[in-house]
Amino acid sequence: MLAPHACDPATTRGRLFAEPESASRSVYQRDRDRIIHSGAFRRLKHKTQVFVYHEGDYYRTRLTHSIEVAQITRSICRTLALNEDLGEAVALAHDLGHTPFGHTGEDVLDRLMQPYGGFRHNDQTLRVLTVLEQRYALFDGLNLTWETLEGVAKHNGPLLPLAEGQALGPNVARIDREFPLELDRYASAEAQVAALSDDIAYNNHDIDDGLRAGFFTIDDLLELPLVGAVFHEVLTAHPGLEDRRTVHEGIRRLIDRMVGDLVAESGSRIAALRPASADDIRGAGRPMIAFSAEVERASQTVRRFLFERMYRHYLVNRERAKATRIVEDLFGHFLARPDTLPTEWRHVAESVEETERARLIADYIAGMTDRYALVEHDRLFTMKVRF
């Protein structure tokens, strides 16, 4: 049973291109399935968040992260009587626009693309979903429902009004012209759940990966709010437990604690609003899905800890420096020599003006896995005898 403020597939605002719907799957189930079967989703397997793909098989990739976000999203949506399928679709799609080499690749592409409109992974995700996935006979993209596109575009909050000096991403702006997304309002409750499930997943799993990499220890975590209390509980309840079990037990309890807090705070906000429809959530003027102030503060403290101890660790910085050089080299080379792009990309790149060519090259690079970017760089910049 869905809550009255959940998104009902029977009342969807539809798709940009009308098409017959399935007799056995809801519109949001079809969205989820199209995302899972997309090429961009498969490539997440070899796109990393912090560690380059060859660092080890146990570190999270964009694919494993997206699956974890989707699992947390479904659990929360079920508890709050929201539409699990829509929440899962937004969760699975939210990272499709990411470049190789995590946020480093995005930062470099954004800098290089400044003369041509910039580059942001959220905007690129919408480009993937509406243009770059070319699988269907009648349209480009996946032709997802309005609610899924809205959720991907606005899962972190309204995009209008713009802050000073900011501009809408070109793909968000284009889709909003064709299929207005109400960018000045909040997204659905399901999309808000997906956004905070992302926070829960990356905070906890970056702790796990950071411990595994040796960037910090369990003792270092004991001084952090919330995290320290949870690990104190585990160490007290299970003295002498081996580290890997201690870490897993702590992480699972921490996820459970954060999910419980989010459900309680969100339930309280929804009860106060008494929404009668999904549009009441969109027009509430503030997020209806949220952590308590205490857990939000703790989460931000953990994020700062991870930034200092993990994301800017000298070993990670070395990998970031290499990744920066690779993306810079690839972009500069292809912009100057579009004739060296693969055939299907070259034909388009040589027939358009510079701004569109730069966007095409950004599409090509952003779609690469870590491994493919390394191989392509080697092909272009390493002199070898090839037979």
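Just so you know, these numbers come straight off a predicted model, no measurement behind them.

## Points about the packing of aromatic side chains
- Applying the stated criterion across every chain, the model contains six aromatic pairs.
- Ring centres 5.5 Å apart and planes at 75 degrees place the aromatic pair Phe334 and Tyr364 in the edge-to-face group. Residue Phe334 is located in helix 15 (residues 314-336), and its partner Tyr364 is located in helix 17 (residues 354-366); the two are separated by 30 residues in the primary sequence. Per residue, the accessibility class of Phe334 equals that of Tyr364, and both read buried.

## A word on the side chain of Thr104
- Tracing the chain through its elements places Thr104 in helix 5 (residues 102-112).
- Those residues in contact with Thr104 that sit more than four places away from it in its chain are Arg320, Ala323 and Thr324.

## Points about the pattern of salt bridges
- Within this structure, the stated rule accounts for 39 salt bridges.
- In this structure, Asp33 and Arg25 form a salt bridge, with 2.8 Å as the shortest nitrogen-oxygen distance.
- Residue Arg25 is classed as partly exposed on the basis of its relative accessible area, which comes to 34%.
- A salt bridge links Arg78 to Glu84; the nearest nitrogen and oxygen atoms lie 2.8 Å apart.
- Assessed through its relative accessible area of 15%, Glu84 is described here as buried.

## Remarks on the layout of surface pockets
- Empty space within the second largest pocket amounts to approximately 730 Å³.
- Every residue lining the second largest pocket is counted, 30 residues in all, and those nearest its centre are Arg43, Leu132, Trp345, Asp363 and Tyr364.
- Every element with two or more residues in the lining of the second largest pocket is listed here: helix 2 (39-43), helix 6 (121-132), helix 16 (343-349) and helix 17.
- Per-element accounting of the lining of the second largest pocket gives the leading share, seven residues, to helix 17.

## A closer look at unusual backbone geometry
- Residue Pro161 follows Leu160 across a cis peptide bond; omega there is 0 degrees.
- Positive phi, close to 60 degrees, is recorded for Ala81, a residue that is not glycine.
- Here Ala81 lies in the loop between helix 3 (62-79) and helix 4 (84-93).
- Even without glycine at this site, Phe101 takes up a positive phi of about 65 degrees.
- Positionally, Phe101 belongs in the loop between helix 4 and helix 5.

## Quick notes on empty space enclosed by the protein
- Enumeration according to the criterion identifies two cavities of 30 Å³ or more in this entry.
- If you add up the space inside the largest cavity, you get close to 60 Å³.
- Of all elements in the fold, only helix 9 (189-213), helix 12 (243-273) and helix 14 (293-311) reach the threshold of two or more residues within the lining of the largest cavity.
- For the lining of the largest cavity, the class distribution of residues is seven nonpolar, three polar and no charged.

## Examining the packing of helix 15 against helix 18 (residues 370-381)
- Between helix 15 and helix 18, the shortest axis-to-axis distance is 10 Å and the interhelical angle comes to 55 degrees. Taken together, the axis directions place helix 15 and helix 18 in an arrangement best described as oblique. Read as a crossing pair, helix 15 and helix 18 show a hand that is left-handed. Here Arg325, Ile326, Asp329, Leu330, His333 and Phe334 of helix 15 come into contact with helix 18, specifically with Ala373, Leu374, Glu376, His377, Leu380 and Phe381.
- For the contact of helix 15 with helix 18, a count of residues per class yields seven nonpolar, two polar and three charged.

## Details of the nonpolar core
- By size, the foremost hydrophobic cluster in this structure holds 78 residues, and its most contacted members are Ile35, Ile76, Leu96, Ile200, Ile207, Phe216 and Leu221.
- The contact partners of Leu96, leaving out residues within four places of it in the chain, are Ile35, Ala40, Phe41, Leu44, Thr125, Val128 and Leu129.
- Residues Leu109, Leu330, Ala366 and Met368 belong to the second largest nonpolar core, which totals 24 residues.

## Things to note about helix 11 (residues 227-237)
- The complete set of buried residues in helix 11 reads Val227, Gly228, Val230, Phe231 and Val234. Taken down its axis, helix 11 places every buried residue within 160 degrees of arc, on the same side.
- Close packing links the buried residues of helix 11 with helix 9, helix 10 (218-221), helix 12 and helix 14.

## Things to note about the environment of Ser38
- Mapping Ser38 onto the fold places it in the loop between helix 1 (27-36) and helix 2.
- Sequence separation between Ser38 and Leu96 is 58 residues; the distance between their C-alpha atoms is 9.7 Å.
- Here Ser38 is in contact with Glu133, Arg135 and Leu142, once residues within four sequence places are set aside.

## Looking at the packing of helix 9 against helix 12
- Where helix 9 meets helix 12, the axes come as close as 10 Å, and the angle between the chain directions of the two elements is 165 degrees. Overall, the two elements helix 9 and helix 12 adopt an arrangement that is roughly antiparallel. Here helix 9 and helix 12 pass one another in a crossing that is right-handed. Judged by residue contacts, Leu196, Ile200, Asn204, His205, Ile207, Asp208 and Leu211 of helix 9 engage Val247, Ile251, Leu254, Ile255, Met258, Val259 and Leu262 from helix 12.
- By residue class, the composition of the contact of helix 9 with helix 12 is eleven nonpolar, two polar and one charged.

How each quantity is defined
- Along each chain, residues carry numbers from 1 onward, in the same order as the chain's sequence is written.
- Local features in this predicted model are restricted to residues of pLDDT 70 or higher, and side-chain atom pairs are both shown and tallied only at a pLDDT of 80 or more, whereas totals for entire chains, interfaces and linings draw on every residue.
- To get the side-chain values, all heavy atoms of the structure are used, and hydrogens and water are removed first.
- Between 30 and 60 degrees the pair is tilted, below 30 it is stacked and above 60 it is edge-to-face, where a pair is any two Phe, Tyr or Trp rings, Trp via its six-membered ring, whose centres lie within 6.5 Å.
- The secondary structure listing takes helices from DSSP runs of H or I that are at least 4 residues long and strands from runs of E that are at least 2 residues long, numbered from the N terminus.
- Accessible area is worked out with a 1.4 Å probe on protein chains only. A residue is then buried under 20% of its type maximum, exposed over 50%, and partly exposed in between.
- In this analysis, two residues are considered to be in contact whenever any of their non-hydrogen atoms come within 4.5 Å of each other.
- Throughout this description, the term salt bridge denotes a Lys or Arg side-chain nitrogen within 4 Å of a carboxyl oxygen of Asp or Glu.
- With a 1 Å grid laid over protein atoms only, a set of points is called a cavity when a 1.4 Å probe fits there but cannot get out and a pocket when it is open yet has protein on both sides within 12 Å along at least five of seven lines; lining residues have an atom within 4 Å of a point.
- Grid points are joined across faces, edges and corners, and a volume is the space filled by probe spheres set on the points.
- Nonpolar residues are Ala, Val, Leu, Ile, Met, Phe, Trp, Tyr, Cys and Pro. Charged residues are Asp, Glu, Lys and Arg, and all others, Gly as well, are polar.
- A fitted line through C-alpha atoms represents every axis, and for helices the fit uses only the stretch in contact; the resulting angles, taken between N-to-C directions, go from 0 to 180 degrees.
- The cut-offs work like this: below 35 degrees is roughly parallel, past 145 is roughly antiparallel, 65 to 115 is roughly perpendicular, and the gaps in between are oblique.
- Note on convention: near helix rotated counterclockwise from far helix by under a right angle means a left-handed crossing. Clockwise means right-handed.
- Definition used in this section: a nonpolar core is a set of buried Ala, Val, Leu, Ile, Met, Phe, Trp, Tyr and Cys residues joined via side-chain atoms within 4.5 Å.
- Working note: the arc is built from the helix axis to C-beta atom directions.

That is the geometry; function is a separate question.
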